[in-house]
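Residues per chain are reported as follows:
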Amino acid sequence: MKAPKNVLKNSPPDLRVLPPLEDNEEDKWLASLESVLEFALKGQGPEKASRFLKSLTKRLREQGIEASRVVSTPYINTITPDRQAPFPGDWEMERRIKSYVRWNAMAMVVNANREHSGLGGHISTYASAATLYEVAFNHFLRARTPDFAGDLVYFQGHATPGIYARAFLEGRINEQHLHKFRQELAKGGGLSSYPHPYLMPDFWQFPTVSMGLGPLLSIYQARFNRYLQARDFLKGPESKVWAFIGDGETDEPETLGSLTLASRENLDNLIWVINCNLQRLDGPVRGNGKIIQELEALFQGAGWNVIKLIWGSDWDKLLEADKSGLLLKRMEEAVDGDYQKYSVEPGSYTRRHFFGKYPELLGLVNHLTDEQIHKLLRGGHDSRKVYAAYKAAVEHTGQPTVILAKTVKGYGLGEAGEGRNVTHQQKKLNEKELREFRERFGIPISDEEIAQTPFFRPLPSSRETRYLLERRKQLGGFLPRRVVEAKPLEIPGPELFGELLKGSGKFEVSTTMGFVRLLSLLTRDKNIGRQVVPIIPDEARTFGLDALFREIGIYSPKGQLYEPVDKKSLLYYNETKDGQILEEGITEAGSMATFIAAGTSYATHARYMIPFYIYYSMFGFQRIGDLMWLGGDIKAKGFLLGATAGRTTLNGEGLQHQDGHSLVLSSTIPNLLTYDPAFTYELATIISDGLRRMYIDGEDVCYYLSLYNENYPMPPMPPGVQEGILKGLYRFKAGPETKKHKAHLFGSGPILREALRAQQILADKFDVSADVWSATSYKLLRSDAQRCERWNMLHPAERQKKSFVETLLEKETGVFVAVSDNIKLAPDQIAPWVPGGLTSLGTDGFGRSDTRERLRRFFEVDAELTVIATLWALAKAGKVERSMVQKAIKELAVDPEKVYPEMV
Ligand SMILES: Cc1ncc(C[n+]2csc(CCOP(=O)(O)OP(=O)(O)O)c2C)c(N)n1
Ligand SMILES: [Mg+2]
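Residues numbered from 1 in each chain as written. Chains lettered and ligands numbered in written order. Predicted model: local features only at pLDDT ≥ 70, side-chain atom pairs only at ≥ 80, totals over all residues. Heavy atoms only, no water.

> Talk me through the coordination of the magnesium ion (ligand 2); I want residue IDs and the actual numbers.
Ideal geometry at a metal centre: 109.5 degrees between donors when four sit tetrahedrally, and 90 or 180 degrees when six sit octahedrally. For the magnesium ion (ligand 2), the full set of protein donor atoms is D247 (OD), N277 (OD1) and Q279 (O), at a range of 2.0 to 2.2 Å. Read from N- to C-terminus, the donor residues coordinating the magnesium ion (ligand 2) fall into the pattern D-x29-N-x1-Q. Of the two residues, D247 sits in the loop between β2 (241–246) and α8 (253–256) while N277 sits in the loop between β3 (270–276) and α10 (291–301), which places them 30 residues apart along the sequence. Note on D247: relative accessible area 1%, which makes it buried. (Donors = N, O, S within 2.8 Å, 3.2 Å for Na, K, Ca; no water. Helix = DSSP H or I, 4+ residues; strand = E, 2+ residues; numbered from the N terminus. Buried < 20%, exposed > 50% of the residue type's maximum accessible area, 1.4 Å probe, protein only.)

> Describe in detail the site of ligand 1, supporting the description with residues and values.
Close contacts around ligand 1 come from 17 residues, with T125, D247, G248, Q279 and K409 the closest. Within the side chain of T125, an N or O atom sits 2.7 Å from an oxygen atom of ligand 1. Protein chains bury 76% of the 590 Å² of accessible surface belonging to ligand 1 in isolation. Its residues assigned to classes, the shell around ligand 1 shows three nonpolar, nine polar and five charged. (Near = heavy atom within 4 Å. Polar contact = N/O pair within 3.5 Å; in protein donor to acceptor, adjacent residues only side chain to side chain. Areas by Shrake-Rupley, 256 points an atom, 1.4 Å probe, with all protein chains shown as cover. Nonpolar A, V, L, I, M, F, W, Y, C, P; charged D, E, K, R; others polar.)

> So, the sheet that holds strand β5 (residues 401–406): which residues are in play, and what are the values?
Ordered in space as β1-β2-β3-β5-β4, the five strands form an open sheet in which the pairing is parallel. Since the sheet does not close on itself, it has two edges, and those belong to β1 (152–154) and β4 (305–309), each with one partner. Averaged over all adjacent pairs, the angle separating strand axes in this sheet is 15 degrees, with direction ignored. Sheet topology note: the β3/β5 ladder contains six bridges and is parallel. Paired with V273 across the strands is I403, a residue of β5. (Pairing = 2+ DSSP bridges. Axes fitted to C-alpha atoms, helices over the stretch in contact; angles between N-to-C directions.)

> Any details on the layout of surface pockets? Residues and values, ideally.
Quantified by volume, the second largest pocket comes out at close to 640 Å³. Taken together, 30 residues form the lining of the second largest pocket, with K375, L376, L377, Y411 and R440 sitting closest to its centre. Elements supplying a minimum of two residues to the lining of the second largest pocket: α3 (91–115), α11 (313–321), α13 (336–344), α16 (370–374), α17 (383–395) and α18 (431–441). It is α3 that contributes the most residues to the lining of the second largest pocket, five residues altogether. Within the lining of the second largest pocket, the residues separate by chemical class into 12 nonpolar, eight polar and 10 charged. (1 Å grid on protein atoms, 1.4 Å probe; cavity = no way out; pocket = protein on both sides within 12 Å on 5 of 7 lines; lining within 4 Å. Points joined across faces, edges and corners; volume = space filled by probe spheres on them.)

> Which residues make up the packing of α3 against helix α20 (residues 463–474), and what are the values?
In the contact formed by α3 and α20, the axes pass within 10 Å of each other and the chain directions differ by 95 degrees. The orientation of α3 relative to α20 falls into the category roughly perpendicular. Across from M93, E94, R96, I97 and Y100 in α3, the residues of α20 making contact are R463, E464, Y467 and L468. Residues of the contact of α3 with α20, tallied by class, amount to five nonpolar, no polar and four charged. (Parallel < 35°, antiparallel > 145°, perpendicular 65-115°, else oblique. Contact = heavy atoms within 4.5 Å.)

> Quick rundown of the side chain of E583? Include the residues and the values.
With respect to the element layout, E583 can be found in strand β10 (residues 582–583). There is no salt bridge for the buried E583, and the closest opposite charge comes from R541, which lies 7.2 Å off by N-O distance. In terms of polar contacts, E583 uses its side chain to reach the backbone amide nitrogen of D538, at 3.0 Å. A distance of 3.4 Å separates the side chain of E583 from the backbone nitrogen of G585, its partner in a polar contact. (Lys, Arg positive; Asp, Glu negative; His and termini not counted. Salt bridge = Lys/Arg side-chain N within 4 Å of Asp/Glu carboxyl O.)

> Report on the packing of helix α4 (residues 124–139) against α17, specifying residues and quantitative values.
The contact between α4 and α17 brings their axes to 9 Å, and the two run at 60 degrees. With respect to α17, the axis of α4 lies oblique. In this structure, the crossing between α4 and α17 has a hand that is right-handed. For the pair α4 and α17, contact is made by T131, L132, V135, A136 and H139 and by S383, V386, Y387 and Y390, respectively. Among the residues forming the contact of α4 with α17, the class breakdown is six nonpolar, three polar and no charged. (Left-handed = near helix turned anticlockwise from the far one by under 90°.)

> Let's hear about the nonpolar core: which residues, and what values?
Counting 93 residues, the largest nonpolar core has F612, F639 and L871 as the members making the most contacts within it. Top contributing element to this core by residue count: helix α36 (residues 863–876), with nine residues. Discounting residues that sit within four places of it in the chain, L871 has contacts with L762, F766, V768, V880, M884, V885 and A888. The next biggest cluster of nonpolar side chains, apart from the first, holds 84 residues, and it includes L152, I219, A243 and I245. (Core = buried A, V, L, I, M, F, W, Y, C linked by side-chain atoms within 4.5 Å.)

> Before we move on, can you summarise the sheet that holds strand β17 (residues 741–747) with the specific residues and values?
Sheet strands pair via backbone hydrogen bonds, and the direction of the pair is either parallel or antiparallel. Read across the open sheet, the five strands follow the order β16-β18-β17-β19-β20; overall the sheet is mixed. Each edge of the open sheet is held by one strand with a lone partner, namely β16 (729–733) and β20 (839–841). Strand after strand, the sheet turns through a mean of 30 degrees between neighbouring axes, direction not considered. Summarising the sheet, β16 and strand β18 (residues 768–775) pair through four bridges and their orientation is antiparallel.

> Report on the environment of Y704, specifying residues and quantitative values.
By secondary structure assignment, the location of Y704 is in strand β14 (residues 702–706). We classify Y704 as buried; its relative accessible area is 0%. Taking the C-alpha atoms as reference points, Y704 and L672, separated by 32 residues in sequence, lie 6.6 Å from one another.

> Describe α4, listing the residues and the values that go with them.
Helix length check: α4 (16 residues) gives 24 Å between terminal C-alpha atoms against 22 Å at 1.5 Å per residue, within 8%. The largest bend in α4 comes to about 55 degrees, at A130. Of all 16 residues in α4, 16 are buried; the element is thus mostly enclosed. (Expected span 1.5 Å × (residues − 1). Bend = angle between axes of the 7 residues up to and from the residue.)

> Lay out the pattern of salt bridges in plain terms, naming residues and giving numbers.
Summed over the entire model, instances satisfying the criterion amount to 56 salt bridges. The closest approach of N and O atoms between E170 and R166, which form a salt bridge, is 2.7 Å. The exposure class of E170 is buried, given its relative accessible area of 6%. In this structure, D850 and R854 form a salt bridge, with 2.8 Å as the shortest nitrogen-oxygen distance. Given the relative accessible area of 29%, D850 is considered partly exposed. Exposure remark for R854: the relative accessible area of 54% places this residue in the exposed category. Several salt bridges share partner residues, and in doing so they unite E710, E754, R757, R852, R856, R857, D862 and E864 into one network.

> Account for empty space enclosed by the protein, naming residues and giving values.
Over the atoms rolls a probe the size of a water molecule, and in doing so it shows where empty space is left. By the definition in use, this model includes nine cavities of 30 Å³ or more. Approximately 90 Å³ is the volume attributed to the largest cavity. In terms of lining, the largest cavity is formed by R142, A143, R144, A149, G150, D151, Q205, F478, L479, P480, R481 and V483. Class assignment of the residues belonging to the lining of the largest cavity gives a composition of six nonpolar, two polar and four charged.

> So what about the environment of A775? Which residues, and what values?
Within the element layout of this structure, A775 appears in strand β18. Distance from A775 to D268, taken between C-alpha atoms, is 49 Å for residues 507 residues apart in sequence. The residues touching A775, leaving out its near neighbours within four places in the chain, are D676, G728, L729, F746, G747 and S748.

Okay, here's the thing in structure tokens:
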């Protein structure tokens with residue numbers, strides 16, 4: 001490249017300033033720019049002009065001049081009136097339909113709270129978003145049909161009443177349903193408070209109400225759709241993913257945290273509509289600034305296509321009439337707190353405060369009454385503008401689009417809440433307010449009826465109903481709707497994992513290594529291998545999964561544009577356009593979002609995919625627990641693998657890494673089956689059964705398994721243990737028969753080996769025969785026991801049931817001790833059903849970095865402490881003298897004054 005002539009280039013930074021301007025010099029430059037616009041670019045379209053601007057900026061930068069980076073544009077609509085697509089619908093008709101939806105949405109909440117005060121519901125969110133939804137429903141959101149997957153829509157959780165109210169007008173739900181809003185336990189069931197597929201599995205597809213999760217999921221859903229296309233699982237026209245989001249919701253890190261993934265992967269199948277009503281729950285989102293401008297800069301910087309939709313059509317005329325530029329200046333000066341005030345105060349206030357700041361502006365609105373000024377529409381309330389923005393969004397290519405639509409929170413509620421700080425929680429309207437609402441939106445309800453707030457639905461034969469049904473027909477049917485049509489998979493039998501069942505002989509391996517082998521075998525299976533979706537947040541090498549890089553490739557829509565540095569090695573970093581691995585980088589939230597997209601493809605794309613998400617167990621439930629809870633709600637299926645688990649087994653990493661509680665956290669999610677296997681045959685048995693339950697039987701469950709990185713020889717699977725592995729407990733190795741005392745040691749994960757060592761010491765030194773049991777799932781044992789106990793309580797006169805754990809242990813004598821690399825609460829879960837009670841040893845307390853031996857002594861979960869705890873349990877049961885415990889403490893060299901790990 002020819003070096004630019006640059007006089008300033010080598011000057012120190014403080015001298016790199018422009019020389020002072022001569023009189024009128026700037027005007028002359030501007031005039032020459034005007035003539036470029038006038039002559040060279042006239043009629044050439046905005047693309048050419050923007051190219052010119054870019055070249056200009058580039059040229060300036062080449063000269064070392066700090067040309068400002070444009071991250072936000074003037075506070076006006078992105079789409080100018082001359083570029084606005086015409087509205088194709090029956091505007092008046094759609095307005096009426098929207099008014100009825102508004103009324104019913106409000107009436108649902110008001111009625112629910114009148115019947116049972118405190119039931120909740122939200123009026124003002126939907127009130128502000130009604131136009132945004134109605135235009136989408138009438139013109140854009142395409143439903144699923146036999147040959148089209150349908151658009152996937154994330155509805156804002158708090159706008160739910162509006163979505164039900166529309167389904168009511170469509171005839172999909174009836175008046176009874178509306179009356180039972182939020183009364184889900186009422187006879188016949190009621191409508192769920194928010195979008196919950198778990199509670200309304202035929203209706204809702206995506207849970208959104210925990211703010212930030214919907215937006216995050218939508219990005220990864222759009223990306224997963226592309227992954228499915230690239231791997232030939234999806235064909236035909238492409239679905240769009242739409243997410244309706246609150247402006248307050250953008251403060252959640254989950255909302256904005258993955259924006260660049262969407263632009264980096266050119267997800268033009270993704271559209272976000274952010275309802276900028278300028279308010280959140282307590283008050284303004286950015287009272288002292290402008291949320292739209294802030295978001296514009298952010299999204300621009302992240303590479304999104306940004307469409308600002310600020311002003312309604314009424315403002316076009318004012319902007320056009322203003323030749324002074326003062327109106328735009330005033331628009332930019334006023335902060336969101338001012339705009340909120342304009343929505344609350346009468347038009348006279350806006351005239352005085354907004355327009356009146358510059359007397360010249362008053363002339364612009366002389367022809368308007370105060371009432372008319374008050375009603376000057378914001379962009380998000382103007383169907384025509386909304387339509388044009390959506391059309392531009394669906395037609396945009398190469399980037400995801402965000403529409404920043406300005407609205408008024410509680411629009412239409414008048415004094416009952418429009419623009420007020422309390423509006424988010426407004427649930428009651430008095431009769432006067434109801435009348436005003438009715439008048440404002442022209443709802444045909446009489447004076448006599450109004451106090452009852454009846455629902456209103458035009459007759460099926462009415463023009464309104466026919467219009468709205470016809471629109472939905474044109475768009476493929478109703479929405480939201482969740483349909484499960486996936487065909488069961490041909491799951492291989494456990495023999496596929498034969499080598500894992502046989503054990504590792506003398507070789508020392510970890511359960512993580514066993515898992516990697518299992519995954520590799522599965523991906524090679526001819527029936528389901530391609531459906532396997534390995535998901536990793538930048539930890540493949542930690543877990544040994546890099547072995548799969550070359551074999552099945554890492555998905556990248558661009559393929560690999562460079563030669564990887566390790567190309568010559570066997571396991572080089574292999575990115576391919578149809579790669580199977582989703583290497584997410586360091587984002588557990590993003591990885592989980594992918595897991596959810598893959599785990600629900602049976603409900604979004606009528607096809608099972610089998611996600612295996614493997615991660616540092618500490619950074620799972622603890623870090624992104626809310627998303628995992630959502631995974632339960634949305635009924636995501638697949639396998640979560642918390643690797644490097646165990647507070648003493650992952651030993652060199654210390655406090656923030658060493659997990660001893662993920663099993664307890666995972667146990668809190670009702671449909672998540674939680675396992676803690678010690679051996680590879682247990683792992684293979686559990687995964688094999690999971691594949692059957694989820695993908696053949698179609699059970700709505702999901703799996704969490706902890707994996708460890710301690711190597712030891714894996715034993716072969718003993719006969720007859722399958723049921724115990726799956727139900728949570730089986731005898732792994734009986735103690736010697738000839739001893740005086742009896743005990744039972746429950747171990748899990750690698751700590752099972754400490755139990756085996758304790759078994760030996762107890763037999764050799766203390767005349768105790770201890771059976772060692774493998775406890776694969778305390779959670780499952782507990783749920784089963786609780787279910788039985790409850791049934792027995794409620795059926796006292798019938799033959800009493802016995803849980804699995806009770807049946808298993810009822811004939812055993814002696815004491816029971818559990819030892820785990822997790823906190824004591826994990827084994828404690830089954831204590832009430834263990835004969836004579838359970839003594840639990842676990843790793844309560846903050847982790848430390850040290851050797852496994854020292855850590856296990858520190859947390860008191862090694863063989864020696866297990867022996868002492870067993871003897872102590874025997875002493876408490878009166879079977880041995882306390883002096884025996886004393887002897888053990890001494891002989892096993894345990895310091896009785898050592899620190900208590902939980903408190904230091
Ligand atoms: C993670 C999370 N935190 C808090 C809430 C409680 N909450 C519900 S709605 C709301 C305000 C929403 O404001 P915004 O996103 O602007 O939506 P709007 O109702 O204004 O459209 C809050 C704080 C929640 N639902 N989820
Ligand atoms: Mg808001």
